[in-house]
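# Understanding the architecture of this molecule
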Amino acid sequence: MRDARTYDPPLLGVRVVDLVSGPMRALSRHLIDLGAHVTRVHLAGVTDATGFGPVVDGTALGDAITTRGGRVVTIDPSTTAGTTAWDELVTAADILIENTTPGSAAEAALQVDVLCQAHPALVVLSISDFGRGNDFSTWRATTPVFHALTSELSRSGIPERAPLVPPGELPYDVAAAQAAFELLGVYLDRLRTGLGDRIDLSVLDAATQALDPPYGMTGSAAAGVPLSEAPRGRPEERERYPIIPCADGYARICVLATRQWRGMFEWMGRPAEFADPEYDALFVRFASPTLLPAIGRFFADKTRAELERQGQEFGVPIAGVLTLAEALASEQVAARGFFREVELAPGLVGPVPAGVVEIDGARAWTDEEPEAAPRVGRADVLAGRDRGDGRLPLASFRVLDLGVIVVGGDTGRLFADLGADVIKIENSAFIDGSRASQGATGMRPGFAAGHRNKRSIGIDLRAPEGRRLVRDLVRHADVVLTNFKPGVINSLGLDYASLEEVNPGVVVVDSSAFGPTGPWSRRLGYGPLVRAATGCTDMWVYPGEPGTFSDASTVYPDHVCARVGAMTALAMLVRRERTARGGSVSVAQSEVMLSHFGARIAAERLVADGHPGSGPEHDAPWGLFPTAGDDDWVAVTVRGDADWAALCTVIGREDLEADPSLSDTASRAAHRGRIDAAVAEWTARRPPFEAMQTLQSAGVPAGAMLRAIEMPDWDYYRQRRMFREELHPYGSGPYVMENVQIHAERVAEPPQGPAPLLGEHTRAIAVELLGLDDDRIDELVRDGILEVPAAVGAAAIP
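What comes next concerns the included structure. (Residues numbered from 1 in each chain as written. Predicted model: local features only at pLDDT ≥ 70, side-chain atom pairs only at ≥ 80, totals over all residues. Heavy atoms only, no water.)

The next subject is the environment of Gly 347. The topology assignment puts Gly 347 in the loop between strand E12 (339–345) and strand E13 (348–353). Gly 347 gets classed as exposed once you look at its relative accessible area, which sits at 51%. (Helix = DSSP H or I, 4+ residues; strand = E, 2+ residues; numbered from the N terminus. Buried < 20%, exposed > 50% of the residue type's maximum accessible area, 1.4 Å probe, protein only.)

So this is what it looks like as structure tokens:
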């Protein structure tokens with residue numbers, strides 16, 4: 001089934017061989033929904049048939065949801081018929097994805113290097129927990145281990161308490177989107193060059209980049225302060241996006257901009273205590289000991305619905321904190337038709353997400369094997385593009401970046417790091433919130449990280465002449481990125497329907513909190529409000545302690561939504577080779593987030609309908625344990641009997657292994673407290689890195705809780721070239737930033753272009769792309785249509 005509206009899948013005709021098992025199958029879901037012909041292969045001696053996710057009525061729902069709509073074949077390459085079938089399948093493929101364990105018999109049997117030599121046009125994505133060819137390649141990880149090693153865990157929880165593992169399986173979910181972006185970037189380049197490549201994807205790297213990157217962009221409330229400067233222990237960040245009790249629960253506000261504070265002030269009845277103009281400053285409000293209590297008294301007798309309605313009237317970003325069940329029953333989810341009833345197994349019908357994007361106004365999803373379509377062979381649009389010798393797959397592409405704050409900035413940065421000419425269009429009258437904390441001529445680490453390798457042109461979009469200039473720029477663009485509130489881009493005449501007449505091949509990507517339609521579409525939306533309205537905040541609490549909300553420090557889902565928008569834009573550029581036309585892409589951050597809890601949502605509904613569940617989802621131990629040191633912790637997890645036996649040997653508790661009451665997952669989960677006490681006794685006597693190293697050496701997934709400042713010096717990240725220092729001409733630097741985006745032979749490290757000042761390249765772009773001479777540029781600058789950096793003068797920057 002596809003969306004009833006016309007949906008032309010962008011990856012139609014792209015053939016993918018899928019050998020992936022486990023939660024990284026979420027990558028397959030993206031490819032299937034975008035229209036690729038995905039053949040899931042049970043390859044004897046190579047693939048693992050183990051399912052993942054909650055099990056209901058004997059069906060592993062994670063598997064069922066991520067693989068529906070793909071073709072399934074079984075091949076035994078030890079037979080003559082199997083060898084022939086395998087060779088024919090790979091020969092016909094454009095892409096192969098696999099996640100054999102480095103050093104394993106399965107990896108040796110697959111012989112990826114031989115496949116790449118025999119099929120030089122094949123794009124291969126090899127997934128592993130820690131990447132290949134380094135000292136950590138044979139280590140294994142799980143969700144808690146990834147959270148520990150990405151530094152996410154160090155910021156999750158309440159000060160003076162133990163860290164808290166976030167809900168769901170977020171590291172895998174965000175890594176899948178990063179993987180899709182990398183894969184499609186390299187595949188698009190293959191259409192241009194005819195040469196494939198092998199991508200070495202580490203789930204740890206991808207999760208670090210796409211969940212809460214410690215050296216990436218931070219939210220507006222961080223005021224440009226990087227996560228690496230956070231204090232030891234869980235930082236007290238709850239005043240940034242405060243959650244306030246009300247008559248029927250809790251509501252969260254995000255009062256960041258001056259205009260938002262003034263709306264809050266008016267809503268509260270202009271209290272004299274806060275009338276001083278100094279309260280316009282964010283840091284003054286954060287430091288006030290009386291402001292939040294006053295807001296609390298104001299909220300106390302109002303329901304969440306009343307607060308949302310009134311807050312919107314006064315321009316105050318606000319959302320009620322909903323449970324997951326309340327979010328699913330909301331009018332917005334119903335109006336958007338995000339969940340569809342699908343048969344996941346015979347007699348097992350449950351709700352599944354209907355894709356995470358909309359393309360040309362239609363849901364990008366399918367649960368059927370795609371129709372036969374010719375392969376994308378010729379690349380007429382790309383044929384004339386010069387890749388150059390810089391080994392950057394998106395060289396010669398041009399992107400117009402109208403995005404703001406995290407999701408806007410990071411989407412453009414992904415293209416820029418791979419060689420695209422990304423032009424940030426901005427204006428000081430409505431300055432990007434991520435730039436506002438540093439001023440138009442300053443530079444803080446977060447902005448420098450999110451906007452490196454871009455150019456900036458200052459244009460006033462309020463003026464008709466400014467909008468005309470942007471439309472002229474669109475003539476030279478492949479992609480336009482926006483994340484304004486729904487309706488704004490249409491009113492400016494910069495939506496795809498308006499730009500199509502200027503450039504039929506342009507792809508317009510729009511990201512918003514709740515999507516372009518539905519009763520919540522016009523809500524003021526920030527990531528913390530999206531988390532509150534989708535049930536994520538309510539789940540991000542200590543077990544059995546409602547109200548211990550602990551998601552204040554994360555910027556999830558901004559970075560993963562940037563990947564979703566970017567990967568879909570690349571898919572649309574693939575479609576453009578087939579159709580010669582662009583199109584529109586819409587990303588709703590709330591729906592990306594809900595999709596990450598899709599298996600849980602389906603399981604709860606099916607069990608409520610009377611279908612039997614099948615025991616605990618996780619073995620024991622599965623969690624965090626204190627180690628020697630100051631607030632130092634290690635994640636320790638067991639995936640089955642082999643891990644359990646290894647763990648018992650390492651900690652010297654062979655008696656536990658011999659205990660028949662702990663002989664399987666269900667029995668160990670039933671005695672979780674007893675097992676946790678034994679593990680904690682062992683970890684408490686060891687430093688975190690020693691505990692991690694000892695356990696990993698025995699094959700037990702474990703990870704020391706890293707803090708952001710510790711990450712660049714850990715050997716793993718050094719060997720993976722994950723970070724680098726960059727100097728910025730207007731910063732206090734050097735700044736630590738992400739380095740390698742794609743580990744592949746034909747892809748270089750990102751260029752080192754510094755993030756621009758506002759309007760730093762206005763003159764150069766006006767001459768190069770708009771054909772304006774100096775006199776006309778000067779006139780437009782005097783009229784306020786164009787803008788150049790005030791600190792360096794109109795002619796100082798060429």
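Moving on from the model shown.
Of all hydrophobic cores here, the largest spans 160 residues; its most connected members are Met 24, Phe 415 and Trp 714. Take this core: its biggest share by element is 15 residues, from helix H7 (residues 170–193). Residues within four places of Met 24 in sequence aside, it is in contact with Ile 127, Tyr 172, Ala 175, Ala 176, Ala 179, Leu 201 and Val 203. Residues Val 480, Leu 494, Val 506 and Ile 777 belong to the second largest nonpolar core, which totals 31 residues. (Core = buried A, V, L, I, M, F, W, Y, C linked by side-chain atoms within 4.5 Å. Contact = heavy atoms within 4.5 Å.)

In sheet architecture, strand pairing relies on hydrogen bonds along the backbone and comes in two forms, parallel and antiparallel. Strands sit in the order E15-E14-E21-E20-E19-E16-E17-E18-E27 across an open sheet of 9 strands; the sheet is mixed. Since the sheet does not close on itself, it has two edges, and those belong to strand E15 (362–363) and strand E27 (786–787), each with one partner. Judged from the 3 bridges that link them, strand E14 (residues 357–359) and strand E21 (residues 583–588) form a sheet pairing that is antiparallel. When the sheet's bridge partners are listed, Ile 359 is paired in E21 with Val 585. (Pairing = 2+ DSSP bridges.)

Here we come to unusual backbone geometry. Following Tyr 556, the chain continues to Pro 557 via a peptide bond in cis, the omega torsion being 15 degrees. Of note, Pro 557 is situated in the loop between helix H23 (536–539) and helix H24 (558–579). With an omega of 5 degrees, the peptide bond between Ala 620 and Pro 621 qualifies as cis. By the element assignment, Pro 621 lies in the loop between helix H26 (598–608) and strand E22 (622–626). Backbone geometry places Gln 111, a non-glycine residue, at a positive phi of 55 degrees. Relative to the assigned elements, Gln 111 resides in the loop between helix H4 (105–110) and helix H5 (112–118). Of the residues examined, Gln 111 reaches a relative accessible area of 45% and is grouped as partly exposed. Non-glycine residue Arg 391 carries a positive phi angle of around 55 degrees. Topologically, Arg 391 is positioned in the loop between helix H15 (380–383) and strand E16 (398–401).

What follows deals with the sheet that holds strand E10 (residues 249–253). If you walk across this open sheet you meet the 3 strands as E9-E10-E11, and the pairing is antiparallel. Each end of this open sheet is capped by a strand with a single partner; those strands are strand E9 (243–246) and strand E11 (318–320). With strand direction ignored, the average angle separating the axes of adjacent strands in the sheet is 30 degrees. Pairing analysis gives 3 bridges linking E10 to E11, with the strands arranged antiparallel. Across the sheet, the residue bridging to Arg 252 is Ala 319, located in E11. (Axes fitted to C-alpha atoms, helices over the stretch in contact; angles between N-to-C directions.)

With that out of the way, let us pick up the packing of aromatic side chains. Tallied over the full model, the rule gives 23 aromatic pairs. Relative to Phe 298, the ring of Trp 267 lies with its centre 5.4 Å away and its plane at 90 degrees, an arrangement referred to as edge-to-face. Residue Trp 267 is found in helix H9 (residues 258–267), and its partner Phe 298 is found in helix H11 (residues 291–299); the two are separated by 31 residues along the sequence. By relative accessible area, Trp 267 is classed as buried at 6%. Residue classification places Phe 298 among the buried positions, given a relative accessible area of 18%. Taken together, a centroid distance of 5.1 Å and an interplanar angle of 70 degrees make the contact between Tyr 716 and Tyr 717 edge-to-face. The buried category is assigned to Tyr 717, whose relative accessible area is 1%. Taken together, the ring pairs connect Phe 130, Phe 136, Trp 139, Tyr 215, Trp 714, Tyr 716, Tyr 717 and Phe 723 into an aromatic cluster. If you follow Arg 385 out to its NZ or CZ, it ends over the ring of Phe 397, 5.4 Å from the centre. In this arrangement the basic side chain of Arg 523 is found over the ring face of Trp 520, its NZ or CZ atom lying 4.1 Å from the centre. (Phe/Tyr/Trp six-rings, centres within 6.5 Å; stacked < 30°, edge-to-face > 60°. Lys NZ or Arg CZ within 6 Å of the ring centre and 35° of its normal.)

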